[in-house]
Amino acid sequence: LYVLKLSADDGAFMSSDVIEVRVATLGSVEADGSLAVWWPGNGSDLDVFNGIKAERFHGTGYESGQVERAFALDGVDDYLKAPARPVLNLGTSAAGFTIELWAKPGRVQDAPLLIWERADGQQDGLSLWQAAGGVGLYAYLNNTGGGGPAMGVGGVFAANVWVHVALTYDKVSG
């Protein structure tokens, strides 16, 4: 059992969250019941909790990951897209949310890691970017009015190195 405590402090607000990851057998991971959705990329396009299929585009495949298999994206035009479902609506949680992933960029470049589109398709609702010359991590949390918090940190990414990325948003404090 691994217990990960994720914390963020911008000087005005501090937030933290605890996630449990259980190792079932060597080379596999079992998620706890607090997750809403999980696409482990272990050779399947299905979310393990709801069976939501992520459609792969432009040759997105699988390769060896940090734990098991992982989605392999070329950094140019590969991506995955999941259909809108109520469980994927980030705005419905009274407390907020946490999004986490492992990333291993093949090169340092400014590129999106995750884009969560609004249902109306007008703008991104949330996005995580490899930015600042490809070594920084930036998050943009747009609300329905188009504004919202943005934050970033430098010195996160290096070419061909696994990095655990987590974003926790506390809706109560903003």
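Quantities reported herein were computed from a predicted structural model and do not represent experimental measurements. (Residues numbered from 1 in each chain as written. Predicted model: local features only at pLDDT ≥ 70, side-chain atom pairs only at ≥ 80, totals over all residues. Heavy atoms only, no water.)

**Q** Please explain the pairing of strand 11 (residues 136–141) as it appears in this structure.
**A** Put simply, side chains in a regular strand alternate between the two faces of the sheet. One ladder, built from six bridges, connects strand 10 (residues 124–131) with strand 11; its direction is antiparallel. Its bridge partner lying in strand 11, W129 is registered against Y138. What sits between the antiparallel neighbours strand 10 and strand 11 is a turn of four residues, in which A132 has the positive phi angle 55°. Note: strand 11 against strand 12 (residues 150–153), four bridges, orientation antiparallel. In the strand pairing of strand 12, L137 is matched with V153. (Pairing = 2+ DSSP bridges. Helix = DSSP H or I, 4+ residues; strand = E, 2+ residues; numbered from the N terminus.)

**Q** Can you walk me through the layout of surface pockets in this structure?
**A** Any space left empty among the atoms is revealed by the rolling of a water-sized probe across them. Of the voids in this model, the second largest pocket is the one considered here, and its volume is about 660 Å³. Of the residues forming the lining of the second largest pocket, the biggest block, five residues, is contributed by strand 13 (residues 163–170). Here the residues of the lining of the second largest pocket are counted per class, giving 17 nonpolar, six polar and three charged. (1 Å grid on protein atoms, 1.4 Å probe; cavity = no way out; pocket = protein on both sides within 12 Å on 5 of 7 lines; lining within 4 Å. Points joined across faces, edges and corners; volume = space filled by probe spheres on them. Nonpolar A, V, L, I, M, F, W, Y, C, P; charged D, E, K, R; others polar.)

**Q** Hey, could you run me through the environment of E100 in this one?
**A** Looking at where E100 falls in the secondary structure, it is placed in strand 8 (residues 96–103). On the basis of relative accessible area, E100 is assigned to the partly exposed category, the value being 30%. Spatially, the C-alpha atoms of E100 and T168 are 8.5 Å apart, while their sequence positions differ by 68 residues. Among the polar contacts listed, one links the side chain of E100 to the side chain of H164, at a separation of 2.6 Å. (Buried < 20%, exposed > 50% of the residue type's maximum accessible area, 1.4 Å probe, protein only. Polar contact = N/O pair within 3.5 Å; in protein donor to acceptor, adjacent residues only side chain to side chain.)

**Q** Before we go on, may I ask you to explain the nonpolar core in this structure?
**A** Across soluble globular proteins, you tend to see nonpolar side chains buried next to one another. In this structure, F97, L126, L128, L141, F157, V165 and L167 are the most contacted members of the largest nonpolar core, which totals 14 residues. Mapped by element, the contributors of at least two residues to this core are strand 8, strand 10, strand 11 and strand 13. With four residues, the single largest contributor to this core is strand 8. (Core = buried A, V, L, I, M, F, W, Y, C linked by side-chain atoms within 4.5 Å.)

**Q** Looking at this model, I keep getting lost on the environment of T168. Mind explaining?
**A** With respect to the secondary-structure elements, T168 resides in strand 13. Classification of T168 as partly exposed rests on a relative accessible area of 21%. Polar contacts involving the side chain of T168 include one to the side chain of T98, which spans 3.0 Å.

**Q** Help me out: how do you make sense of the packing of aromatic side chains in this one?
**A** Aromatic rings in a pair are described by how distant their centres are and how their planes are angled relative to each other. Counted under the stated rule, the structure contains three aromatic pairs. Between F97 and Y169 the ring centres are 5.6 Å apart and the planes differ by 35°, which places this aromatic pair in the tilted class. Of this pair, F97 sits in strand 8 while Y169 sits in strand 13, and the two are 72 residues apart along the sequence. Classification of F97 as buried rests on a relative accessible area of 15%. (Phe/Tyr/Trp six-rings, centres within 6.5 Å; stacked < 30°, edge-to-face > 60°.)

**Q** I'm lost on the side chain of D45 in this one. Help?
**A** Its location among the elements puts D45 in the loop between strand 3 (30–31) and strand 4 (55–57). At 2.8 Å, the side chain of D45 and the side chain of R56 are in polar contact. Setting aside its immediate chain neighbours within four residues, D45 contacts W39, I52, K53, A54, R56, Y62 and F71. (Contact = heavy atoms within 4.5 Å.)

Honestly, it's all geometry; don't read function into it.
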